[in-house]
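Results of the structural survey
One letter stands for each residue in the lines below.
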Amino acid sequence: MDFTDSPDDAAYRARARDWLAANGAEYRTPPAEPYSRDELVRRSRAWQKAKHQAGYTGITWPKSMGGQGLSPMHAIIFNQEQSRYFAPTGLFEIGLGMCIPTVFTHGSPEIIARYVAPALAGDEVWCQLFSEPAAGSDLAGIRTRAVRDSDAPDADWIIDGQKVWTTNAHLSDYGIIVTRTDPSVPKHKGLTMFIVDMHGDGVEARPLKQMSGGSDFNEVFFTGVRVKDSHRLGAVGDGWKVALTTLMNERLAVGGKPSHAPDYAMLMDFARRIETDTGPAIEQRDVRQRVAAAYIADEGIKLTQMRALSALSKGQVPGPEQSISKVVVAKTMQEMGALALDLSEAAGLVTADADPVLAKFQGSYMAAAGLRIAGGTDEILRNIIAERVLGLPGDLRPDKDAPFNAAVAA
Amino acid sequence: MDFDFSDDAKTLREQARKLFDERAGPAVARKHIDGDGIDRDLWRTVVELGWTAARVPEAHGGIGLSAEASCVLAEEAGRALAAVPLGSVLAATEALIALGSPEQQARWLPGIADGSVVAVPAWAEGGLSPAKAGASVSGGRISGTKAPVPDLAAAQLAIVSASGPDGVGLYLVDLTGPDVAVEPVETLDLVRRHGGLTLTGAPAEPLGGPSGYHDWLDRAAVLGAFEALGTATAAMDMAVAYAKERVAFGQKIGRYQGVKHKCADMFIKLELARAHALHAAWAMGADAAELRQAASAARVASLDALAFCAEENVQIHGGIGYTWDSDCQFYYRRNRALAAALGSRTFWADRLVRSLEQRNAVAA
Ligand SMILES: Cc1cc2nc3c(=O)[nH]c(=O)nc-3n(C[C@H](O)[C@H](O)[C@H](O)COP(=O)(O)OP(=O)(O)OC[C@H]3O[C@@H](n4cnc5c(N)ncnc54)[C@H](O)[C@@H]3O)c2cc1C
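Residues numbered from 1 in each chain as written. Chains lettered and ligands numbered in written order. Predicted model: local features only at pLDDT ≥ 70, side-chain atom pairs only at ≥ 80, totals over all residues. Heavy atoms only, no water.

**Some remarks on the domain arrangement of chain B**
Residue and element names in this part refer to chain B. Considered domain by domain, chain B is made up of domain 1 (7–117), domain 2 (120–208) and domain 3 (212–363). In this structure, domain 1 and domain 3 have C-alpha centres spaced 21 Å apart. Summing the contributions of domain 1 and of domain 3, the shared interface buries around 1,900 Å²; its carbon and sulfur component is 68%. When the buried area of domain 1 at its contact with domain 3 is split by residue, Arg30, Glu75 and Leu81 rank highest and sum to 29% of it. Taken together, the connections running from domain 1 to domain 3 amount to 2 salt bridges. In this structure, Asp327 engages Arg30 in a salt bridge whose closest nitrogen and oxygen atoms are separated by 3.5 Å. On the surface where domain 1 and domain 3 come into contact, there are 7 residue pairs in polar contact (both at pLDDT 80 or more). For the side of domain 1 that touches domain 3, the secondary structure elements donating two or more residues are helix H2 (26–31), helix H4 (67–80) and helix H5 (86–99). Counting residues per element, the side of domain 1 that touches domain 3 draws most heavily on H4, which supplies 7 residues. In the side of domain 1 that touches domain 3, the residues fall into 11 nonpolar, 2 polar and 4 charged. (Domains from an automatic or database assignment. Buried area = accessible area lost by both parts, 1.4 Å probe. Salt bridge = Lys/Arg side-chain N within 4 Å of Asp/Glu carboxyl O. Polar contact = N/O pair within 3.5 Å; in protein donor to acceptor, adjacent residues only side chain to side chain. Helix = DSSP H or I, 4+ residues; strand = E, 2+ residues; numbered from the N terminus. Nonpolar A, V, L, I, M, F, W, Y, C, P; charged D, E, K, R; others polar.)

Take a look at the structure:
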């Protein structure tokens, strides 16, 4: 066992560090005020472009896709170094983490040539149009329809329906969308995936206000939206298989802790500053127990990710350990937030002029509730661990084999 | 970065798993209920295979493997509930290697390697945490009572914690010498036998100083974490196997999320504990500054995983799980023995936070 960088990795880290120091100076501290929407988009694109020109995008992607053809270790190293800064990276996470990998796995050469490079360069933003009002966990139950415009083999498709909770749809240029093309077959079999132009006729994204007060996600309406057959991803009826590519990439992309979310170390500092009736909170036995639990979860996930990376770097397939990440991270964020708020007594509730660290815990407490749902709920992830890793039998899924239209009617 | 056991350690692990699969496991453990806790045939084989020699330097008749060897052996012994004093001997060996003078090593390590000496740590004293010791030393003589001490009946050498002039430290006590009395102590664990060691001015040699004692506690915690991981994994495997087979309300109970999500939680807790244990194994092998933090986290995480797996394994088995004839009890009971074996969860969680505080103080 050896936790130090290999000479090659160390050199890469040093280069990344130098580049960030030279180019990221303005992001060394968090912005004093949250950016306006336009400012966020402008800065996100500029940062992505700067990284692209320096060769720090698509780090693990093949060179044929415009990537760097490097190892996951290199990507982690760059991200570790980047996370010391407060540069805006969120806008491209879904596109580059999930959508584009799906495009280059299932798209035709022309589609790949058209879409991959501009996304990587920060010129085009993507969103993931999967969930619908009636289907989230049960993604195969979506109802948005896509119908051929004529009988010609390469006829256009017309899409009608509604998506919801679509992160960044209002800021996106393109999206990947799962649609139902055949309601007369069982639900997993009648799906087809497309690329849609978010600026096209009949597409309307309406921002939704989240519980946290922010508006990152949207409901998106599709009314008679025309999509060329060339923009289909995978075969007609293979949408489930294609969607699984996206979801696999999602598990990798959303696995870790959101960057700059408060961690156990911040919790410790906070608990040291708080005076209780019997001394600093950090000296209380129950607080120490809970700080220890936060450390075990927080650091445990980091170490777990290193195990997977270490396997990858030796050309092995990582074990199933990675699947525990999001369940642990999201719940731990919620628990740490709750503890920080409790320790603050009534002040924990007050947002007006809150201490900046308390404000971070208030924010992460609110965000954690969404993180436990986004990208697979705690319950769905436990099902996945139990069924795919431990081999336990699947839940009863009474609608699984019935034609979709019959199952919905029932 | 390479965050995995070496190939040598993995080979040893396979070898250990094979032997213990054949010769240990809960059904064999059952035969040792109310015995003296030692499967002598199995222990002879363990010694012949060189596992007590694995960690001992070549100069003292051993094989000189790294700390990883002890970690995988502890894990496999834990998985199989093997009725051999391997965990005790590995922890005692670690004390001699880390803290022993050349003379002490030359005197004891060859015997440990060839199996003629079974060495056991003896720190426990009723309700005291490992930081304290009622037993005391003066003028090279030790007095006090240590209990419960695992595997004591089989031991010739005890590594005893006691209060000396500079604080609590470790002392070597030859159990074949004078002023030593050993008697059995009943505990919740019916397979791993414990004893009480009464010392009435027995000759005692200091082994390292008080800081050495705390360093040893960390090392022993790493080994204990691997043993707990092994035992917890076996309990999870038993629960999962039953959930795949038992039918209620017309379906396998593993289909019910009340059951299946418990199994997922066992896996989650185990993977977290495994990550910390591996980190701690690395820190131990590398003598890294993070050892205390990593060992404390490994101990707390592994005890949490073990308690959950052992307790919910009984639950998933329902009524049959609560019978004397079910194997669930062995994991349930061993869980308590391992939790008590080196200071409580509370002690180690506090130690973890203290080490984080110290590290931050140094960094600041
Ligand atoms: C912040 C945020 C961002 C998001 N971004 C996107 C996005 O960009 N694109 C996108 O397509 N979607 C997005 N989503 C949607 C997200 O994927 C879904 O909300 C999620 O999959 C849950 O689906 P649902 O909301 O329909 O809840 P439901 O599936 O209706 O679940 C309701 C409750 O039932 C439980 N449940 C459901 N099925 C089972 C089962 N089989 N066993 C046990 N319990 C079950 C769930 O765990 C949950 O507790 C986002 C969500 C959030 C919160």
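**Structural notes on helix H8 (residues 257–285) of chain B**
For H8 of chain B, which comprises 29 residues, the first-to-last C-alpha distance of 41 Å matches the rise-based estimate of 42 Å (1.5 Å per residue) to within 8%. Taken across its 29 residues, H8 of chain B has 24 buried, putting it largely inside the fold. (Expected span 1.5 Å × (residues − 1). Buried < 20%, exposed > 50% of the residue type's maximum accessible area, 1.4 Å probe, protein only.)

**Notes on the nonpolar core**
The biggest cluster of nonpolar side chains holds 181 residues, and the ones touching the most others in it are Phe20, Leu86, Leu96, Ile142, Trp216, Phe226 and Ile316 of chain B. No other element matches the 20 residues that helix H7 (residues 210–243) of chain B contributes to this core. Not counting residues up to four positions away in its chain, the partners in contact with Ile316 of chain B are Ala239, Tyr242, Ala243, Ile253, Val259, Lys262, Cys263 and Met266 of chain B. Counting residues in hydrophobic clusters, the runner-up holds 36 residues, among them Ile94, Leu96, Ile142 and Tyr174 of chain A. (Core = buried A, V, L, I, M, F, W, Y, C linked by side-chain atoms within 4.5 Å. Contact = heavy atoms within 4.5 Å.)

**Focus: the site of the ligand**
What surrounds the ligand is a group of 20 residues, the closest being Ser137, Thr167, Thr377 and Glu379 of chain A together with Gln257 of chain B. Near the ligand, residues from chains A and B are present, making the site a shared one. The contact in question runs from an oxygen atom of the ligand to an N or O atom on the backbone of Phe130 of chain A, over 3.0 Å. Separating an oxygen atom of the ligand from a backbone N or O atom of Ser131 of chain A is a distance of 2.8 Å. Relative to its free-state accessible area of 960 Å², the ligand is covered by the protein chains to the extent of 66%. For the shell around the ligand, the secondary structure elements donating two or more residues are strand E3 (157–167) and helix H11 (378–389) of chain A. In terms of residue class, the shell around the ligand is made up of 7 nonpolar, 11 polar and 2 charged. (Near = heavy atom within 4 Å. Areas by Shrake-Rupley, 256 points an atom, 1.4 Å probe, with all protein chains shown as cover.)

**Observations regarding the pairing of E3 of chain A**
For a regular strand, the rule is simple: side chains alternate between the two faces of the sheet. Residues and elements named next belong to chain A. Pairing of strand E2 (residues 145–148) with E3 involves 4 bridges; the strand directions are antiparallel. Looking across to E3, one finds that Arg148 is bridged to Trp157. Pairing analysis gives 9 bridges linking E3 to strand E7 (residues 217–227), with the strands arranged antiparallel. Its bridge partner being in E7, Thr166 is matched across the sheet by Asn218. (Pairing = 2+ DSSP bridges.)

**Examining unusual backbone geometry**
Backbone torsion omega between Ala147 of chain B and Pro148 of chain B reads -5°, so that peptide bond is classified as cis. Looking at the element boundaries, Pro148 of chain B is found in strand E3 (residues 141–150). In this model, Glu345 of chain A sits at a positive phi of 55°, which is unusual for a non-glycine residue. With respect to the element layout, Glu345 of chain A can be found in the loop between helix H9 (325–343) and helix H10 (356–371).

**Overview of the state of the cysteines**
Residues and elements named next belong to chain A. All told, the structure shown has 0 disulfides over all chains when counted by the stated rule. The closest cysteine sulfur to the non-disulfide-bonded Cys99 is located on Cys127, 6.7 Å from its own sulfur. Overall, the relative accessible area of 0% leaves Cys99 in the buried class. Given a relative accessible area of 0%, Cys127 falls into the buried group. (Disulfide = S-S within 2.5 Å.)

**Comments concerning the pattern of salt bridges**
The final tally for this structure, using the stated rule, is 53 salt bridges over all chains. Two residues, Asp138 of chain A and Lys187 of chain A, come together in a salt bridge whose shortest N-O distance is 2.8 Å. Of the two residues, Asp138 of chain A is situated in the loop between strand E1 (126–129) and E2 and Lys187 of chain A in the loop between strand E4 (174–180) and strand E5 (191–197); the sequence distance between them amounts to 49 residues. Among the salt bridges present, the one from Arg192 of chain B reaches Glu227 of chain B, with a minimum N-O distance of 2.8 Å. A residue pair is termed long-range when its members are at least 10 positions apart, and Arg192 of chain B in the loop between strand E6 (180–185) and strand E7 (194–203) and Glu227 of chain B in helix H7 qualify at 35 residues. On the accessibility criterion, Arg192 of chain B (11% relative accessible area) is buried.

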